[in-house]
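Examining the three-dimensional arrangement
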Amino acid sequence: MYLQSEYCGTHENFVLKSSPKKSYDPPASTITPPPKKKRAAVVASAPASASASKSAQKKKTQVERLNSTFSDTESDSEDDRETKKQALKARNVDKSATANIVGSAENTEADSSKTGHWVRRSVREAGQGDLDNPHVVELLTNLLMNDENLKVLKLKKWLGPDANTLVMDAVLDGLEVSEREMATDGYIHF
Amino acid sequence: MARSFRSAQHNDVVEALYIQNFNIGMKDAQFAKLGNILRDNPSIWAINVGEIYQIENSTWEAFADCIEESSVTHMYASEHTITGVLKDRLRDAIRKNRSKHNRHIDPNNIDVIQQITHCWWNPINAKILRPYIKNNDLGLLGSR
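Remember, it's a predicted structure, so these values are computed and weren't measured experimentally.

**Describing the overall build of chain A**
The secondary structure content of chain A amounts to eight helices and two strands. Shown N-terminal to C-terminal, the secondary structure of chain A runs as helices and strands in the order α-α-α-α-α-α-α-β-α-β. Across the 190 residues in chain A, those meeting the buried criterion constitute 8%. Sequence-distant contacts, at least 24 apart, represent 47% of the contacts inside chain A between residues at least 6 apart.

**Overview of the overall build of chain B**
When its secondary structure is counted, chain B shows four helices and four strands. The N-to-C order of helical and strand elements in chain B reads β-β-α-β-α-β-α-α. Within chain B, contacts between residues separated by at least 24 positions form 77% of all contacts whose residues are at least 6 apart in sequence.

**Let's talk about the nonpolar core**
By size, the foremost hydrophobic cluster in this structure holds 44 residues, and its most contacted members are B:Leu17, B:Ala46, B:Ile47, B:Val72 and B:Met75. Going through the elements one at a time, helix 7 (134-144) and helix 8 (165-175) of chain A together with strand 2 (16-18), helix 1 (28-40), strand 3 (46-48), helix 2 (57-68), strand 4 (74-76) and helix 3 (84-97) of chain B are the ones with two or more residues in this core. By residue number, the principal contributor to this core is helix 8 of chain A, which donates five residues. In this structure B:Ile47 touches B:Leu17, B:Leu38, B:Val72 and B:Met75, once residues within four positions along its chain are discounted.

**Description of the sheet that holds strand 3 of chain B**
Overall, parallel pairing links the four strands, which are arranged 1(A)-2(B)-3(B)-4(B) in an open sheet. With one partner strand each, in any of the chains shown, strand 1 (152-154) of chain A together with strand 4 of chain B form the two edges of the open sheet. Across the sheet, the axes of successive neighbouring strands diverge by a mean angle of 5°, strand direction being ignored.

**Considering helix 2 of chain B**
With twelve residues, helix 2 of chain B ought to run about 16 Å at 1.5 Å a step, and its terminal C-alpha atoms sit 17 Å apart, in line with that. On its buried face, helix 2 of chain B sits against helix 1 and helix 3 of chain B.

**Brief notes about the packing of helix 1 of chain B against helix 2 of chain B**
Residues and elements named next belong to chain B. Taken N-terminus to C-terminus, the directions of helix 1 and helix 2 make an angle of 10°; their axes are 8 Å apart at the nearest point. In terms of axis orientation, helix 1 runs roughly parallel to helix 2. Seen from helix 1, the contacting residues are Asp28, Phe31, Ala32, Gly35, Asn36, Leu38 and Arg39; seen from helix 2, they are Thr59, Ala62, Phe63, Cys66 and Ile67. Its residues assigned to classes, the contact of helix 1 with helix 2 comprises seven nonpolar, three polar and two charged.

**A closer look at unusual backbone geometry**
Residue and element names in this part refer to chain B. If you check the backbone angles, Asn21 has positive phi at about 65° while not being a glycine. Its location among the elements puts Asn21 in the loop between strand 2 and helix 1. Positioned with a positive phi, His118 is a non-glycine residue whose angle comes to about 60°.

**With respect to the confidence of the model for chain A**
Interpretation of this model should avoid reading the predicted coordinates in detail wherever pLDDT is low. The share of residues in chain A with pLDDT of 70 or more is 46%, and the mean pLDDT across the chain is 67. Residue range residues 178-190 of chain A is modelled with pLDDT below 50. Its contacts to residues more than four positions away, or to other chains, number 23 contacts.

**Thoughts on the environment of B:Lys87**
All names here are of chain B. With respect to the helices and strands, Lys87 occurs in helix 3. Judged by C-beta crowding, with 17 C-beta atoms within 10 Å, Lys87 ranks as partly exposed. Non-local contacts of Lys87, meaning those with residues more than four positions away in its chain, are made with Glu79 and Ile82.

**Quick notes on helix 3 of chain B**
Given 3.6 residues per turn, any residue in an α-helix points the same way as the ones three and four places further on. Residues and elements named next belong to chain B. Spanning 14 residues, helix 3 covers 20 Å between terminal C-alpha atoms, matching the ideal 20 Å at 1.5 Å per step. What helix 3 keeps buried is the set Leu90, Ile94 and Asn97. Seen end-on, helix 3 carries its buried residues on one side only, within an arc spanning 55°. In helix 3, the exposed positions angled more than 90 degrees off the buried face are occupied by Gly84, Val85, Asp88, Arg95 and Lys96. Next to the buried residues of helix 3 lie helix 2 and strand 4.

**With respect to the packing of helix 2 of chain B against helix 3 of chain B**
How two helices pack is summed up by the angle between their axes together with the distance between the axes. Residue and element names in this part refer to chain B. Two elements in contact, helix 2 and helix 3, have axes separated by 9 Å at closest approach and are oriented at 15°. Between helix 2 and helix 3, the crossing angle belongs to the class labelled roughly parallel. Crossing geometry of helix 2 relative to helix 3 is assigned as left-handed. On helix 3, the residues that touch Trp60, Glu61, Ala64, Ile67 and Glu68 of helix 2 are Leu86, Arg89, Leu90, Ala93 and Ile94.

Thresholds, definitions, all that
Residues numbered from 1 in each chain as written. Chains lettered and ligands numbered in written order. Predicted model: local features only at pLDDT ≥ 70, side-chain atom pairs only at ≥ 80, totals over all residues. Helix = DSSP H or I, 4+ residues; strand = E, 2+ residues; numbered from the N terminus. Buried ≥ 20, exposed ≤ 12 C-beta atoms within 10 Å, placed from the backbone. Contact = placed C-beta atoms within 7 Å. Core = buried A, V, L, I, M, F, W, Y, C linked by C-beta atoms within 7 Å. Pairing = 2+ DSSP bridges. Axes fitted to C-alpha atoms, helices over the stretch in contact; angles between N-to-C directions. Expected span 1.5 Å × (residues − 1). Parallel < 35°, antiparallel > 145°, perpendicular 65-115°, else oblique. Nonpolar A, V, L, I, M, F, W, Y, C, P; charged D, E, K, R; others polar. pLDDT = per-residue confidence, 0-100. Arc of directions from axis to C-beta. Left-handed = near helix turned anticlockwise from the far one by under 90°.

Quick look at the structure:
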């Protein structure tokens, strides 16, 4: 006699076993599928109701699978719950640390409270990569080195028209004056 | 009498600055910063801020205030970005600034002066510089 417990190795079939339906399923070794051509003919000749019942069965198994997963989570032991709580606490610690770095703790907390998920936000400011452009680096270096070739500084030779505000700020910083006092040369009259 | 000035620690080489057509990078904050730099850095005496469209009128007014206190003697700004009144104010300011220094008419600075073009009034057009302009460079002058 065929034993159900041997056949129902997978979780899905285990659920099927516990269902009230009592239908005999032959072992897999005894099933001999028809050749491909014949199988296609069988499928074509089968009535539409048969295919509909198959899809209904599939849906049933999906629903049962979901039920089983929920039942698993509900049946977690207390130890598992404690470990989950500890993991959540660790997440909260990470969240506060990131908020300190970004400087927008309120935003981070608000986002996480809305969605229930913590998502790592990039600290890097948008457009910061343009500062690594070799032309920009060369220009800033020349500005800091007081290069004589920059007496007439035409920025369009160094930067594209799509240069962002970060790049422009960096260039302006290179031109910015400090509080260092210096005697004027003969050019300036008063 | 020699006076002391706040001078550029990072850069006191730049004499002319061309920042035209940077609409993404030049916003109100950057433009205000530029005005402060021009006011505090006496080495810059020519500026081109044409084709910059993202600037508020109030920022342009503040910029004009800075120009009045700066050493800028020659400049250009697109007329369709500023009012006619503001343009007159800017031109008056840079004309007054021409008494603050003589780098724009110094024959020893002719190499730089020749490169400064596309201003409302180019420094190479100064009559005092005519004897120092080579025949090859006469094309830099406007209508003679």
